Amino acid sequence: MKEIGINTEYIILGKFLKYVNAVDSGAVAKMVILDGLVLVNGEVDTRRGKKLREGDVVSFEGIDYVIKYED
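Heads up: these notes are all about the structure in this document. Everything quoted here is computed from the prediction, not taken from an experiment.

Here we take up helix H2 (residues 26-34). Burial in H2 covers these residues: Ala29, Val32 and Ile33. An end-on view of H2 places all buried positions within 100 degrees of arc, on one side of the element. Projecting away from the buried face of H2 at angles above 90 degrees are the exposed residues Ala27 and Met31. Tucked into the core, H2 has its buried residues touching helix H1 (13-19) and strand E6 (57-60). At the C-terminal side of H2, Gly36 shows a positive phi close to 75 degrees.

Turning next to the packing of aromatic side chains. Enumeration according to the criterion identifies one aromatic pair in this entry. Relative to Tyr65, the ring of Phe16 has its centre 5.8 Å away and its plane inclined at 80 degrees; by these criteria the two rings are edge-to-face. Within this pair, whereas Phe16 is found in helix H1, its partner Tyr65 is found in strand E7 (residues 63-69), the two being separated by 49 residues in sequence. A residue is classified by how much of its surface remains accessible, and Phe16, at 0% relative accessible area, is buried. The class of Tyr65 is buried, set by a relative accessible area of 4%. Sitting over the ring of Tyr10, Lys51 keeps its end group 4.6 Å from the ring centre.

Attention now moves to the pattern of salt bridges. The full count for this structure, using the stated rule, is two salt bridges. For Glu9, the salt bridge goes to Arg53, with nearest N and O atoms at 3.7 Å. Residue Glu9 is located in the loop between strand E1 (2-6) and strand E2 (11-12), and its partner Arg53 is located in the loop between strand E5 (51-52) and E6; the two are separated by 44 residues in the primary sequence. The class of Glu9 is exposed, set by a relative accessible area of 58%. Close ionic contact of Arg47 with Asp45 constitutes a salt bridge, the shortest N to O distance being 2.7 Å. Asp45 sits in the buried class, given a relative accessible area of 10%.

Here we come to the environment of Asp24. Among the secondary structure elements, Asp24 is positioned in the loop between H1 and H2. For Asp24, a relative accessible area of 78% puts it in the exposed group. With 16 residues separating them in the primary sequence, Asp24 and Thr8 have C-alpha atoms 22 Å apart.

Parameters at a glance
- Residues numbered from 1 in each chain as written.
- Predicted model: local features only at pLDDT ≥ 70, side-chain atom pairs only at ≥ 80, totals over all residues.
- Heavy atoms only, no water.
- Buried < 20%, exposed > 50% of the residue type's maximum accessible area, 1.4 Å probe, protein only.
- Helix = DSSP H or I, 4+ residues; strand = E, 2+ residues; numbered from the N terminus.
- Arc of directions from axis to C-beta.
- Contact = heavy atoms within 4.5 Å.
- Phe/Tyr/Trp six-rings, centres within 6.5 Å; stacked < 30°, edge-to-face > 60°.
- Lys NZ or Arg CZ within 6 Å of the ring centre and 35° of its normal.
- Salt bridge = Lys/Arg side-chain N within 4 Å of Asp/Glu carboxyl O.

What follows is the structure, given as structure tokens:
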């Protein structure tokens with residue numbers, strides 16, 4: 001599991017996938033999210049604007065990312 005640090009209260013799912021370089025663009029992020037290929041906390045989430053906060057786990061292409069807040 002990869003720990004990903006953010007310094008804001010939350011990050012939205014579409015931007016998160018770009019932030020960790022899991023996708024090349026927002027358009028690709030939108031497609032993989034809508035196709036149900038992304039899990040948030042173990043469940044499919046098709047909301048590109050889903051707010052991810054500390055402790056949330058995002059799974060995509062066999063990689064698990066956990067959100068950690070950093071000052």
